[in-house]
Structure formats: structure tokens, C-alpha cells
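A look at the structure
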Amino acid sequence: MRIVITDATTGTSYRDTVAAKGTTHFYWVTAQYADGTESAPGADWVALAS
């Protein structure tokens, strides 16, 4: 699943509201620039939904 946050300048967190409790999810962050190009992904991280 790809999630696009259109304006990350207003916050530094993300809440996955559809993650099933007790399941593991992997995430990574990229930036999309004004010219439409996208950065390489940052380090991935893992979260356990609770």
C-alpha cells in the first residue's frame, strides 16, 4: 500500500488507521519535490499495530 501525505510540513507523525491489531507493518518515507521527482526512500522501520 502506498500512502501519500500531501503536506508533511504540518506534522512529523503518521497514524495508520487501517492496520489490524497485532499485525506487523513495514514503512519507509520518501519526499516528492515540486517538479514531481521523488527522493530515494529513507531507512525503513517496523511497527506492531496495537
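Overview of the structure. (Residues numbered from 1 in each chain as written. Predicted model: local features only at pLDDT ≥ 70, side-chain atom pairs only at ≥ 80, totals over all residues. Heavy atoms only, no water.)

Quick word on the overall build of the protein
Assigned secondary structure in the protein consists of zero helices and two strands. Put simply, the protein has 50 residues, and 8% of those count as buried. Across the protein, contacts joining residues at least 24 apart in sequence account for 26% of those joining residues at least 6 apart. Total accessible area on the protein is roughly 4,600 Å²; 56% of this is exposed by carbon and sulfur atoms. (Helix = DSSP H or I, 4+ residues; strand = E, 2+ residues; numbered from the N terminus. Buried < 20%, exposed > 50% of the residue type's maximum accessible area, 1.4 Å probe, protein only. Contact = heavy atoms within 4.5 Å. Areas by Shrake-Rupley, 256 points an atom, 1.4 Å probe, with all protein chains shown as cover.)

Let's talk about the packing of aromatic side chains
The full count for this structure, using the stated rule, is one aromatic pair. Judged by centre distance (4.8 Å) and plane angle (25 degrees), the rings of Tyr27 and Trp45 are stacked. Here Trp45 lies in strand S2 (residues 45-48) and Tyr27 lies in strand S1 (residues 24-27), a separation of 18 residues in the sequence. Overall, Tyr27 belongs to the buried group, its relative accessible area being 15%. According to the relative accessible area criterion, Trp45 is partly exposed, its value standing at 41%. (Phe/Tyr/Trp six-rings, centres within 6.5 Å; stacked < 30°, edge-to-face > 60°.)

Topic: the environment of Ser39
Within the secondary structure, Ser39 sits in the loop between S1 and S2. For the pair Ser39 and Val29, spaced ten residues apart in the sequence, the C-alpha separation amounts to 9.0 Å.

Some words on the layout of surface pockets
Each pocket or cavity is described by its volume, and for the second largest pocket that value is around 220 Å³. Every residue lining the second largest pocket is listed: Tyr14, Arg15, Asp16, Thr17, Ala19, Tyr27, Trp45, Ala47, Leu48, Ala49 and Ser50. Among the elements that line the lining of the second largest pocket, the one with the most residues is S2, at three residues. (1 Å grid on protein atoms, 1.4 Å probe; cavity = no way out; pocket = protein on both sides within 12 Å on 5 of 7 lines; lining within 4 Å. Points joined across faces, edges and corners; volume = space filled by probe spheres on them.)

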